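# Reading the structure
Here are the chains, one letter per residue:
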Amino acid sequence: MEITEHTPLFETKKSRGRLIYRSFATSLFLCICFVWIYRISHIKDAKGEHGKWVWLGMFCAELWFGFYWVLTQAFRWNLVFRQPFTNRLSQRYEKKLPGVDIFVCTADPDIEPPKMVINTVLSVMAYDYPTENLNVYLSDDAGSQITFYALLEASNFAKHWIPFSRKFKVEPRSPAAYFKSIVSSGYSADSDQVKELTAIKKLYNEMERRIEDATKFGEVPKEARLKHKGFSQWDSYSSRRDHDTILEILLHKKDPENSKDVDGFLLPTLVYLAREKRPQYFHNFKAGAMNSLLRVSSNISDGKIILNVDCDMYSNNSQSVRDALCFFMDEEKGHKIAYVQFPQIFENVTKNDLYGSGLISISEVEFPGADGCGGPLYIGSGCFHRRESLCGLKFSDQYRNDWNIKEDYQFKKVSLKELEEESKALASCTYEENTLWGKEMGLRYGCPVEDVITGLSIQCQGWKSVYYNPLRKAFLGLAPTTLPQTLVQHKRWSEGDLQILISKYSPAWYGFGRITLALQMGYSIYCLWAPSSFATLYYSIIPSLYLLKGIPLFPKISSPWFIPFAYIIVGEATYSLLEFFFCGGTFQGWWNELRIWLYKRTSSYLFACIDTILKLFGFSDLTFVITTKVTEEEASKRHEKEIMEFGTSSPMLTVLATLALLNLFCFLSVLKNAVLREGGFGICETMVLQLLLCGFLVLINLPIYQALFLRKDNGRLPGSVAIKSVLLALFVVTFFSFA
Ligand SMILES: O=c1ccn([C@@H]2O[C@H](COP(=O)(O)OP(=O)(O)O[C@H]3O[C@H](CO)[C@@H](O)[C@H](O)[C@H]3O)[C@@H](O)[C@H]2O)c(=O)[nH]1
Ligand SMILES: [Mn+2]
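Looking at an unreviewed UniProt entry, the protein chain carries the name Cellulose synthase-like protein E1, with the source organism given as Vigna angularis var. angularis. Looking at the protein chain in UniProt, the text filed under Subcellular location (unreviewed entry) is "Endomembrane system".

Now the structure itself:
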């Protein structure tokens, strides 16, 4: 190996204030121990046979919370922040930059509109990167002609858009987002640019119109269909779940006439792929799509670096490819890095983030923390991979970067047509039979969070990963905008993560000795999301019911045991509020986050647990509910006003409403007793913590009471949920009062 004296291509900084944080965490841990001691030592005081069980339940819940809190410390102990130096990269490697293959995934033209999809495609085609090294693939799991048509339109528009964005250094490079941003920023510039801007905007609007019309009528214009040979591939198409591989290379250097922009420069390669689907073959959702893309792209462009984005996550920063390469190409550390994950930022999150979909404490705190102990999780969209590690190569100390293109590949002399035919075979249903695809190669199958389990197995093979959160956000996507959608998404995630825990790749045992203990603990934070529903449910039901009965479950205000409880409550609340502010959140946002924390645990996670158990016994199949990326107008107005959207009836919402009402009934009846009975307020001395807990639960559930009884709009909770939950809550409360 030659000795290089290069300055590094990236640096890593540690966060400040870690000593303060660590002392605080230690003090909090001491108090947690005191709470445990209190429970064990007071179990004998619990009244009656029942009382002992309830007390034991409290102990278990607190044991869980404490244990879980310890796990969360793994990702808060040692935060690191990365800084790449793209200048150095271009100085040293501008002429030797590796090929980058970008995969965009879409799966349903109804909830992922083709117009949005092609904006994402255009944004990644327009990266500030040598176009001959840039290859973009769109995987369409719906095999939709409209999406294909939209991509065809985009390939033509790119001939104008890419030179335009290069010339004026446009940001962001998604046309729709760019046009929107200049409207809001009151754009003014030299007249040259204004003229060209007007022209390109007109072109865009016309294209958008054609795509929207095609989408609306569900049909591609006849002229377009006759003009392009690609459409004939739909002749044998029978349904979304039953068709041949459809593959079309729309732009490629082998067809230079058609693949140059208006300035005469080569455009990035652009490929449309709808892998073969047959009802009798399971298609493994996004993981299956990604693996087909991996094979097809290896035959067409064989980029050494892979980027995957979801169809809603357009590139917001034209430098991201170069940023990512600084990590991979660093002479000293680069060869150890398998993937570089960027945060997933959501454009449609409102100021106070009603559904906590910004996930800001994950992206601002936990992931830098993960990076400090071996590398972040792979969470799908916005991740750059080294092709070799994604395809199963194990890390070894001898491994070195080699960005040269394989010789046999370079001299491949097939026609474009032959290249298409060859590649189609790689996307067939049977290709993976008796291979290691989905097991040790490519994305791993059998788990609804294919990305996390894949990242874990890559890390277990000795690779490192990097988390990079640039100031100008790299990718912007769409978060769910209603409560039911949010809950369903979190059910998929928590269920997937729980399945990882019990899978072959469990961070608990498979990870042992392969990744650091801190990383094992960190993975467990997410893998244990689902099971934490039980402790939360217990804590949000039992203390309130016992409050109703007048039986204390916590120490009195005058008891010294009260202190650790108070310290934990005040300390944790203050800390989480500060952390939230540090991440750029608001006070109201923190309160909303608390609410969604509770809702996820008492509904999504509960159902995820139930489903996982059912799956274990073979009663339920693997599913993937795709998140809608369109919102109807009324609902979207309410979203902007931050009014919680319920709208449908579902078992999850019934559970939430029942819990909310149960606490309301308990709280009201205790209040009534306090007012009516003499010395009723004594309860404040003996049961203050229970009263506070119940009061907190009532306060945080205000949007549910409104949605049940006060609202008239379509976003309220349907009457059927209201009836069911009132009856259920009344039943529990009455039954309990007399039991
Ligand atoms: O059969 C399928 C199902 C989904 N997708 C695509 O997968 C992506 C993610 O789907 P989405 O419904 O948006 O899920 P999210 O929960 O928003 O996605 C997050 O979580 C997923 C794992 O659950 C990751 O794969 C994503 O990258 C990550 O953004 C979308 O582009 C879909 O088009 C497919 O290609 N084929
Ligand atoms: Mn999504």
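Picking up where we left off.
## Notes on the overall build of the protein chain
Broken down by element type, the protein chain carries 26 helices and 13 strands. Taken against the 2.2 N^0.38 rule, which gives 27 Å for 739 residues, the C-alpha radius of gyration of the protein chain at 28 Å falls within 12% of a compact globule. Looking at the protein chain as a whole, 58% of its 739 residues qualify as buried. By sequence separation, contacts in the protein chain at least 24 residues apart represent 84% of the contacts at least 6 residues apart. About 32,400 Å² of surface is accessible on the protein chain, with carbon and sulfur atoms providing 61% of the total.

## So, the domain arrangement of the protein chain
Frequently, the measure chosen for interface size is the accessible area removed from exposure when the parts meet. Looking at the protein chain, the domain boundaries give domain 1 (18-75 + 517-738) and domain 2 (97-318 + 379-435). With eight residues of domain 1 in contact, the opposing surface of domain 2 contributes nine residues. Of the roughly 750 Å² buried where domain 1 meets domain 2, counting both sides, 79% is carbon and sulfur surface. Taken together, the links from domain 1 to domain 2 amount to one salt bridge. Split into classes, the residues belonging to the side of domain 1 that touches domain 2 amount to four nonpolar, three polar and one charged.

## Observations regarding the side chain of Ser465
Following the sequence through the fold, Ser465 ends up in strand S12 (residues 464-467). Overall, the relative accessible area of 2% leaves Ser465 in the buried class. Reaching out from Ser465, the side chain makes a polar contact with the backbone oxygen of Pro376 at a distance of 3.0 Å. One polar contact links Ser465 to Gln459, side chain to side chain, over a distance of 3.1 Å. Here Ser465 is in contact with Arg82, Ile337, Tyr339, Asp371, Gly374, Gly375, Pro376 and Gln459, once residues within four sequence places are set aside.

## Quick look at the pairing of strand S4 (residues 134-140)
For S4, a buried count of seven out of seven residues is recorded, marking the element as mostly surrounded by other parts of the structure. Going residue by residue along S4, you find Leu134, Val136, Leu138 and Asp140 tucked away on one face and Asn135, Tyr137 and Ser139 tucked away on the opposite face as well. The parallel pair strand S3 (residues 100-106) and S4, bridged by helix H4 (residues 114-125), forms a crossover whose chirality is right-handed. Bridge count between S4 and strand S6 (residues 269-274): five bridges; the pairing is parallel. Its bridge partner lying in S6, Asn135 is registered against Thr269.

## Side note on the UniProt feature "binding site: Mn(2+)" (unreviewed entry) in the protein chain
As recorded in UniProt, the feature "binding site: Mn(2+)" (unreviewed entry) lies at Lys286 and Asp310. These annotated residues cover 25 residues of sequence, and their C-alpha atoms lie no more than 9.7 Å from one another, placing them together at a single site. Turning to its location among the elements, Lys286 is positioned in helix H9 (residues 285-300). Setting aside its immediate chain neighbours within four residues, Lys286 contacts Cys105, Asn308, Asp310, Gly380, Ser381 and Glu450. Looking at where Asp310 falls in the secondary structure, it is placed in strand S7 (residues 305-310). Taking relative accessible area as the criterion, Asp310 reaches 25% and is therefore assigned partly exposed. Sequence-distant contacts of Asp310, defined by excluding residues within four places in its chain, comprise Cys105, Thr120, Lys286 and Ser381. A polar side-chain atom of Asp310 sits 3.0 Å from a polar atom in the side chain of Lys286.

## Description of the environment of Val733
Mapped onto the elements of the fold, Val733 is located in helix H26 (residues 719-738). Taking relative accessible area as the criterion, Val733 reaches 11% and is therefore assigned buried.

## Observations concerning the packing of aromatic side chains
With the rule as written, the count across this model stands at 47 aromatic pairs. Here the aromatic cluster, defined as three or more aromatic residues joined through ring pairs, consists of Tyr38, Trp55, Phe65, Tyr539, Phe554, Trp561 and Phe565. The ring of Trp55 carries Arg39 above its face, with NZ or CZ at 4.8 Å from the centroid. Lying across the ring of Phe554, Arg39 places its NZ or CZ 5.3 Å from the centre.

## Some points on the UniProt feature "binding site: UDP-alpha-D-glucose" (unreviewed entry) in the protein chain
Under the local residue numbering, the UniProt record ascribes the feature "binding site: UDP-alpha-D-glucose" (unreviewed entry) to Glu112 and Asp141. Across 30 residues of sequence, these annotated residues stay compact in space, with a maximum C-alpha separation of 11.3 Å. Its place among the elements puts Glu112 in the loop between S3 and H4. Using a relative accessible area of 5% as the deciding quantity, one classes Glu112 as buried. Once you skip the residues sitting within four places of it in the chain, Glu112 turns out to touch Thr106, Ala107, Val117, Cys311, Ile626 and Lys629. Among the polar contacts listed, one links the side chain of Glu112 to the side chain of Thr106, at a separation of 2.8 Å. Mapped onto the fold, Asp141 is located in the loop between S4 and helix H5 (145-167). When near neighbours in sequence (up to four residues on either side) are disregarded, Asp141 contacts Thr106, Ala107, Arg240, Arg275, Lys277, Phe285 and Ala289.

## A few points about the sheet that holds strand S8 (residues 314-315)
If you trace the three strands from one edge of the open sheet to the other, you get S8-S13-S10, paired in mixed fashion. Sheet topology places S8 and strand S10 (345-346) at the edges, where each strand pairs with a single neighbour. Note that S8 and strand S13 (residues 475-477) share two bridges and pair antiparallel. Its bridge partner being in S13, Ser315 is matched across the sheet by Phe475.

## Side note on the site of ligand 1
As a structural note, the neighbourhood of ligand 1 is formed by 25 residues, with Asp141, Glu450, Arg492, Thr627 and Lys629 the closest of them. Within the side chain of Glu112, an N or O atom sits 3.0 Å from an oxygen atom of ligand 1. In this structure, an oxygen atom belonging to ligand 1 sits 3.1 Å away from a side-chain N or O atom of Asp451. Contact with the protein chains removes 96% of the 690 Å² of surface that ligand 1 exposes when unbound. Going through the elements one at a time, S3, H9, helix H15 (450-460) and helix H16 (483-501) are the ones with two or more residues in the shell around ligand 1. The element that contributes the greatest number of residues to the shell around ligand 1 is H16, accounting for three residues. Two domains each donate at least three residues to the shell around ligand 1, and these are domain 1 (18-75 + 517-738) and domain 2 (97-318 + 379-435).

Here is what the cut-offs are and how they apply
- Every residue gets a number counted from 1 within its own chain, in the order that chain's sequence is written.
- As a convention, the first chain written is A and the first ligand written is 1, with the rest following in written order.
- Side-chain atom pairs in this predicted model are given and counted only at pLDDT of 80 or more, local residue features only at pLDDT of at least 70, and totals for whole chains, interfaces and linings cover all residues.
- Heavy atoms throughout the structure, all of them, feed into the side-chain values; hydrogens and water do not.
- UniProt positions are given in the numbering used here, feature names are shortened, and annotations may be inferred rather than shown by experiment.
- By definition, any uninterrupted DSSP run of H or I lasting at least four residues is a helix, any uninterrupted run of E lasting at least two residues is a strand, and each is numbered from the N terminus.
- We take the radius of gyration over the C-alpha atoms and set the globule estimate at 2.2 Å times the residue count to the 0.38 power.
- Accessible area is worked out with a 1.4 Å probe on protein chains only. A residue is then buried under 20% of its type maximum, exposed over 50%, and partly exposed in between.
- Any two residues whose heavy atoms approach within 4.5 Å are treated as being in contact.
- Here the Shrake-Rupley method, with its probe set to 1.4 Å, supplies the accessible areas, and only the displayed protein chains count as covering residues.
- Start and end points for every domain follow an automatic or database-based domain assignment.
- A 1.4 Å probe defines the accessible area here, and the buried area is the portion of it lost by two parts on being joined, summed over both.
- We define a salt bridge as a contact between a side-chain nitrogen of Lys or Arg and a carboxyl oxygen of Asp or Glu at a distance within 4 Å.
- Charged means Asp, Glu, Lys or Arg here, nonpolar means Ala, Val, Leu, Ile, Met, Phe, Trp, Tyr, Cys or Pro, and polar covers whatever is left, Gly included.
- Each polar contact in these results corresponds to two N or O atoms within 3.5 Å; when the atoms are within protein, one needs to be able to donate a hydrogen and the other to accept it, and residues that are neighboring in sequence are counted only if both atoms are side-chain atoms.
- By convention a crossover is right-handed if, when the strands point away from the viewer, the path from the first strand over the helix to the second runs clockwise.
- Only strands that DSSP links by at least two bridges are regarded as paired with each other.
- To pair, rings of Phe, Tyr and Trp, with the six-membered ring standing in for Trp, must have centres within 6.5 Å; the planes then decide the type, stacked if under 30 degrees apart, edge-to-face if over 60, and tilted in the middle.
- Each ring is checked for a lysine NZ or an arginine CZ that lies within 6 Å of its centre and within 35 degrees of its normal; such an atom marks a charge sitting over the ring.
- Here, proximity means that at least one heavy atom of the residue falls within 4 Å of the molecule or strand.

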